[in-house]
Every structure is written in structure tokens, then in C-alpha cells.
Amino acid sequence: MKNVQKFTLFALLGASLAFAQADTSKRLITIQGGPRGDLRNGPLTYSGNPVKATVSTLNIQASQAVLAAPQGTPLIEAKGKRTANFTGNVQVERGRLSASGTALAYSEATGQGVLSGNPSATFVPEDKEDGDKVNINASQMSLDVDNNISTSTGNVRLTNGNQTGRADKLIFDEDKELAQMTGSPSLTRAAKANQKELTITGQEVRALTKTKTLYVSGGVKLVQGTQTTTGNAVYYDDRKNVAYVVGNAVSVDSKSKVTVRAPASGYLEQRTDLGRVRALNSAYKIPVEQFKLSGEK
């Protein structure tokens, strides 16, 4: 029995090791062209018009790239630990996402490629008639090769049709077409037709860019014209022009002096196209599962 248990344990350890090796192999980078430098110890410098490289599903182009190993480790023995620094008109593509910046620092150890130099990214809809492009600008942008997720930080700005989001940090999930904004986030829907501009703020904003729906939580505030609505959370459907505000929801019109409060067991329904707010005496459950990032519990 002990031998069987040992065999099972070794088999599990072997399977885990094989999985880890297979997983990290996705992070190995390949740079095209003939480099200059010490082939054994590195660093190696690649230049061209442009330099091209691939890692997992990322395709990279730049004016120059430098491949290096950790101090004291020969380059030929450093697979999985190397760094690649790209400079000069850096372009990155992955599926429907394209990004650019002045420099990209990639680490095989972490599987992260960090774009700097006022980076920007564009994510296009699968069908041109299926939605608007998503444009992201930030101070820094990190692309993960282990999944289809990017993280942008510093003066982040996201535009998606008539919606504009601002935050200190943005996580964008390409598979779910979902943006999570934190750090003083806000989302503004531009005025359209007879609708006044609408701004929603809270502690966290999550936006499904394809369906134009939002989930905002933590001390939320909706401001549209003279109307200000507050609560604990809100679900907003831009295509249907309706917001559902839950948790101590109150709406005040500074012009008409009308105040609408949600019942203790109810919520407020705000029609952004009609400028109308009504209190409903029933529970409303925000579909929060739709707004979870890939792998998030």
C-alpha cells in the first residue's frame, strides 16, 4: 500500500511539474534576424526594419531589441529567465487587440510585457456592426501572455463609442470584452439627441464594452443635468437608457426640488432618456456574474 501511495505521489508531482513546464514554455520569446553580441553570454542586439518577435499569441515589432540573461547566467542556459527590451515605434498585436508605445520590456519569468511612453491600445469588435472600438490610453500598459488580459495604470482613459471612462487603473479582459476600472473611476456617456450628458462615479466601475452595460459599486453617484442619484450600486444599460440603483438609493432634482427615495426593500429606476426616476417596492438583483473577469471567483 505504501508503495502504491508513493507511486501516486510521484505521479502527481510529475504531472504537476510537466504542467508547470508546459505553462512557462508559452513565455519563451523568439526574435527574428541575426543578432550582434556574445552568443553564449549575451546580451544580443537585434536591429532591422523592423525587428519582429513572437511570444505566445503576441506579435511584436520595433526598431531595436536587446535580449539578455540574469547577471552571472549564460544566455544559452537562461531560457525562461531572459528579458527582451524593445525600443523605437513598438507595435504589439494579439487577436483583435493592437497596442503601441515607445518601449516594451518583456520578462520570460513573469510573462509580462510592459509598454511605456504614452502607450495606447485599440480593441476592435468581432463584427463592425456589433459594437464600437475600444480605445485605451495610459502612462503604462502591461500585457500578460498567460491570458488575454492587459493592465493599464496612470491617467487611464477608455473610450467606447459615446462612453468615456477615466481611472487610475484599468484591467481589460479581451475574452469577455470587460473593463474593470478602479482608483477614482468615472464613466461619462455623452449627450445624445434629447438626453443630457450622464456621469457615473463609484469605487469600482465594470463595463461590458460590447453590450454597453455597466456595474458600478461603492458609493455610486449618477449626475444628469439637475438630477443627482446616489446609492450603493447601480446597473446601467446604455442601449435601453435605464439605470437601476440599489442600496439606500435617493434621487434629488436641484431645480424642481423633488426628492425620490427607494423603499427599504426596493430600488430606483432612472430613465436617462426621459429624465424620470421612480421608486419600486421590490428587490432588484444586479447580474454581477456577468461582470467577473476570466478566472475571477
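Cut-off values and rules
Counting restarts for each chain, with residues numbered from 1 along the sequence as it is written. With the structure being a predicted model, the display of local features is reserved for residues of pLDDT at least 70 and the display and counting of side-chain atom pairs for 80 or more, all residues being used for whole-chain, interface and lining totals. No hydrogens and no water enter the side-chain calculation; it runs on all heavy atoms of the structure. Strands here are runs of E lasting at least two residues and helices are runs of H or I lasting at least four, both read from the DSSP assignment and numbered beginning at the N terminus. Our radius of gyration looks at C-alpha atoms and nothing else; its globule reference is 2.2 Å times the residue count to the power 0.38. Exposure categories follow from relative accessible area, calculated using a 1.4 Å probe and restricted to protein chains: below 20% of the type maximum is buried, above 50% is exposed, and the middle band is partly exposed. By definition in these notes, contact holds between two residues if any of their heavy atoms fall within 4.5 Å. Neither His nor the chain ends is counted toward charge; the positive residues are Lys and Arg and the negative residues Asp and Glu. In this description, the location of a charge corresponds to atom NZ of lysine, CZ of arginine, CG of aspartate or CD of glutamate. Only Phe, Tyr and Trp rings take part, Trp by its six-membered ring, and two of them pair if their centres are within 6.5 Å. Stacked means planes under 30 degrees apart, edge-to-face means over 60, and tilted covers everything else. UniProt positions are given in the numbering used here, feature names are shortened, and annotations may be inferred rather than shown by experiment. By nonpolar core we mean a set of buried residues, namely Ala, Val, Leu, Ile, Met, Phe, Trp, Tyr and Cys, connected to one another through side-chain atoms within 4.5 Å. Polar contacts, as used here, are pairs of N or O atoms within 3.5 Å; protein pairs need one atom able to donate a hydrogen and one able to accept it. Residues neighboring in sequence count only if both atoms are side-chain atoms. Take a side-chain nitrogen of Lys or Arg and a carboxyl oxygen of Asp or Glu: if they are within 4 Å of each other, that pair is a salt bridge.

Caption draft 1: The overall build of the protein, seen in detail. Scanning the protein for helices and strands turns up 1 helix and 23 strands. Computed over its C-alpha atoms, the radius of gyration of the protein comes to 24 Å, more than 25% above the 19 Å expected for a compact globule of 297 residues. Across its three principal axes, the protein shows a C-alpha extent of roughly 75 × 65 × 35 Å. Scored against the burial criterion, the 297 residues of the protein give a buried share of 42%. Of all intrachain contacts in the protein linking residues separated by at least 6 positions in sequence, the fraction that spans at least 24 positions is 42%. Charged side chains in the protein number 36 positive and 26 negative. The centres of these two groups are separated by 3 Å.

Caption draft 2: Highlighting the packing of aromatic side chains. In total, this model carries 7 aromatic pairs according to the counting rule given. Aromatic pair tyrosine 215 and phenylalanine 291: ring centres 5.8 Å apart, planes at 50 degrees, arrangement tilted. With a gap of 76 residues between them, tyrosine 215 in strand S17 (residues 213–224) and phenylalanine 291 in the segment after strand S23 (276–280) connect regions that are remote in the sequence. Assigned by exposure class, tyrosine 215 and phenylalanine 291 land together as buried. Between tyrosine 235 and tyrosine 244, the ring centres sit 6.5 Å apart and the planes meet at 15 degrees, which makes this aromatic pair stacked. Accessibility expressed as a relative area gives 11% for tyrosine 235, which makes it buried.

Caption draft 3: Structural context of the UniProt feature "domain: Organic solvent tolerance-like N-terminal" (unreviewed entry) in the protein. Per the UniProt record, "domain: Organic solvent tolerance-like N-terminal" (unreviewed entry) is annotated on residues 40–134 and 135–258. Across residues 135–258 one finds 0% helix and 65% strand; the C-alpha atoms that close the span lie 38 Å apart.

Caption draft 4: Representation of the nonpolar core within the structure. One finds Ile29, Ile31, Ile60, Phe86, Val92 and Ile136 to be the most contacted residues of the largest nonpolar core, which totals 55 residues. Grouped together as the second largest cluster of nonpolar side chains are 15 residues, Leu178, Tyr244, Val246 and Leu293 included.

Caption draft 5: The arrangement of the side chain of lysine 212 in detail. Of note, lysine 212 is situated in the loop between strand S16 (204–208) and S17. Within the structure, the side chain of lysine 212 is placed 2.7 Å from the side chain of aspartate 132, a separation counted as a polar contact.

Caption draft 6: Spatial organisation of unusual backbone geometry. A cis geometry characterises the amide bond from glycine 42 onward to proline 43, with omega recorded as -5 degrees. Within the secondary structure, proline 43 is located in the loop between strand S2 (36–37) and strand S3 (44–55). Asparagine 49 connects to proline 50 through a cis peptide bond whose omega is 0 degrees. Mapped onto the fold, proline 50 is located in strand S3. Positive phi is not limited to glycine here, since asparagine 248 has a value of about 55 degrees. Among the residues examined, asparagine 248 registers a relative accessible area of 66% and is labelled exposed.

Caption draft 7: Structural view of the pattern of salt bridges. In total, this model carries 13 salt bridges according to the counting rule given. Close ionic contact of arginine 27 with aspartate 146 constitutes a salt bridge, the shortest N to O distance being 2.6 Å. Note that arginine 27 is positioned in the loop between helix H1 (2–25) and strand S1 (30–31) and aspartate 146 in the loop between strand S10 (140–144) and strand S11 (149–160), a separation of 119 residues in sequence. Residue arginine 27 is classed as buried on the basis of its relative accessible area, which comes to 14%. Measuring nitrogen to oxygen at the nearest pair gives 2.7 Å for the salt bridge that ties aspartate 273 to arginine 271. Where salt bridges share partners, they join Glu204, Arg206 and Glu296 into one cluster.

Caption draft 8: Fine view of the environment of alanine 78. By the secondary structure assignment, alanine 78 is in the loop between strand S4 (58–68) and strand S5 (83–94). C-alpha of alanine 78 to C-alpha of alanine 68: the two residues are 10 residues apart in sequence and 8.8 Å apart in space. Non-local contacts of alanine 78, meaning those with residues more than four positions away in its chain, are made with Ala69, Pro70, Thr73 and Glu108.

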